[in-house]
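Now for the letters of each chain:
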Amino acid sequence: MAKKVKETAHGPKSMKFNSKVIHAGVSPDPSTGAIMTPIFQTSTYVQDEPGVHKGHEYGRTSNPTRSALEANLAALENGKYGLCFSSGLGAMDTLLKMLNPGDEIISTNDLYGGSYRLMTRVYGRFGIKSHFIDLNDTVQLEKLINPRTRLIWIETPTNPMLNIVDIRKVTKIAEKYGIITCVDNTFASPYLQRPLDLGADIILHSCTKYLGGHSDAVLGALVCNKKEIDDQLRFLQNACGATPGPMDCFLILRGIKTLHIRMKRACRNAGRLAEFLKNHPAINKVNYPGFKTHPSHQLASTQMSDYGAMVSFDLKKDSLESAIGVLKKFKMFSLAESLGGVESLVGHPSTMTHASIPREERLKVGLTDSLIRLSVGIEDIEDLMADLDQALS
Ligand SMILES: *Cc1c(COP(=O)(O)O)cnc(C)c1O
């Protein structure tokens, strides 16, 4: 069931962002008055007679808890249509099935490892070719575009180097050639960046990260504004079946209610930690778009409302051993994959999230063996700083 975002007096269009996270797409349950969207734990729905039902037929096709989350996510991204999936990669997999053998994708050369793996090792086998370039190099981008180019896949800020791709510039070029654009907005979240407003056709989220925010559920989403794209995606969502369960939808909906205050606090902590790291003698380079010296600082300032809560850095002693030495010493930062939760995490991209990208490709974008990535949480800054300091000493 295509659930369009309501545009009533109390609907999302009239609300500001911090109200939308709490109210958009949700309303008290009509049968009980429950203020929180119930977890509709059901696989099917009773019909009065064939085809006569209350809007839901089968749990893969739609579920009321999921519909509330889909409407909420659409509203947060200023989109008309939201679709949820069992994971971020499940959402991407469904989207890539819009393409046909022979089609081509152009993407950034500094990409989430799982997205790279799906494009190259899965869709490569089905005759879909992916190119990975610096998307801000518009000369190279236009050179690569040909009649088979169907999709431009943008991820910004990039992972783990935290480069910024100019969404307006790239989507304008794509539009000229009639190419669909998708922005993976996982790192920024709609609190910091709203790609549909900047010209993108589709947004992908791993809601597992900032949207959920509590490291307790895996879920993905797509948001778009064009009916013809939504029709295709909704068909594929039901036809392929990578849909989330209602409990996970509930957890993400609940997490989103504090997105704005979590992001604000996490961004502030990240800015202070980046500053601390910049002056630390053990550090070679800190990647953080909030620095005035960051090559895309100006772009980040116009495209995002803050600089995010991810920081990466590499060590003066650049080796796997020195990185592991530091990683073992963290106490408050937990060594784990993933990001975007209330608790601070530390990761080692070259052996963890980005191990599926060949080492030569990694080194080309500066992803060294000693690169360490922080997902800064919302703890007290003094404790985070003390932990970093002792780990680096
Ligand atoms: C985690 C992540 C994904 C994949 O999402 P899952 O929910 O883990 O499948 C995609 N893109 C980015 C940027 C991510 O961080």
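Only a predicted model underlies this, so the values are computations on that prediction, with no experimental measurement involved. (Residues numbered from 1 in each chain as written. Predicted model: local features only at pLDDT ≥ 70, side-chain atom pairs only at ≥ 80, totals over all residues. Heavy atoms only, no water.)

Peer 1: Quick rundown of the overall build of the chain? Include the residues and the values.
Peer 2: Helix and strand content of the chain: 14 helices and 12 strands. The globule rule puts the C-alpha radius of gyration for 393 residues at 21 Å, and the 21 Å found for the chain is close to it. Each principal axis of the C-alpha atoms in the chain carries an extent, and together these give about 70 × 50 × 35 Å. A buried classification covers 56% of the 393 residues belonging to the chain. In the chain, the share of contacts with a sequence separation of at least 24, taken over all contacts with a separation of at least 6, comes to 72%. Accessible surface, the chain as shown: approximately 16900 Å² in total, 54% of it carbon and sulfur. (Helix = DSSP H or I, 4+ residues; strand = E, 2+ residues; numbered from the N terminus. Rg over C-alpha atoms; globule rule 2.2 N^0.38 Å. Buried < 20%, exposed > 50% of the residue type's maximum accessible area, 1.4 Å probe, protein only. Contact = heavy atoms within 4.5 Å. Areas by Shrake-Rupley, 256 points an atom, 1.4 Å probe, with all protein chains shown as cover.)

Peer 1: How would you explain the sheet that holds strand β6 (residues 202-206) if you had to name every residue and give the values?
Peer 2: Judged by pairing direction, the sheet is mixed, and its 7 strands sit side by side in the order β1-β7-β6-β5-β4-β2-β3 without closing on themselves. The open sheet has two edge strands with one neighbour each: β1 (81-85) and β3 (129-133). Geometrically, the sheet is characterised by an average inter-axis angle of 20° between neighbouring strands, direction not taken into account. The pairing of β6 with strand β7 (residues 220-224) spans 5 bridges and is antiparallel. (Pairing = 2+ DSSP bridges. Axes fitted to C-alpha atoms, helices over the stretch in contact; angles between N-to-C directions.)

Peer 1: Quick rundown of the site of the ligand? Include the residues and the values.
Peer 2: Around the ligand, the surrounding shell consists of Ser87, Gly88, Leu89, Tyr112, Glu155, Asp184, Thr186, Phe187, Ser206, Thr208, Lys209 and Leu339. Within the side chain of Ser87, one N or O atom sits 3.5 Å away from an oxygen atom of the ligand. Thr208 places a side-chain nitrogen or oxygen 2.8 Å from an oxygen atom of the ligand. Protein contacts shield 92% of the accessible area of the ligand, which totals 380 Å² for the unbound molecule. For the shell around the ligand, a count of residues per class yields 4 nonpolar, 5 polar and 3 charged. (Near = heavy atom within 4 Å. Polar contact = N/O pair within 3.5 Å; in protein donor to acceptor, adjacent residues only side chain to side chain. Nonpolar A, V, L, I, M, F, W, Y, C, P; charged D, E, K, R; others polar.)

Peer 1: Break down the side chain of Arg66 for me, citing the residues and quoting the values.
Peer 2: As for its position among the elements, Arg66 is in helix α2 (residues 64-76). Residue contacts for Arg66: discarding those within four places in its chain leaves Gly59, Arg60, Thr61, Cys84, Gln237, Thr243, Pro244 and Cys249.

Peer 1: Before we move on, could you go through the sheet that holds strand β8 (residues 283-287) and cite the residues and values that matter?
Peer 2: Spatially, the 5 strands line up as an open sheet ordered β8-β9-β12-β11-β10, and their pairing is mixed. Looking at the sheet topology across the chains shown, the edges are occupied by β8 and β10 (334-335). Bridge count between β10 and strand β11 (residues 345-347): 2 bridges; the pairing is parallel. Bridge pairing links Ser334 to Leu345 in β11.

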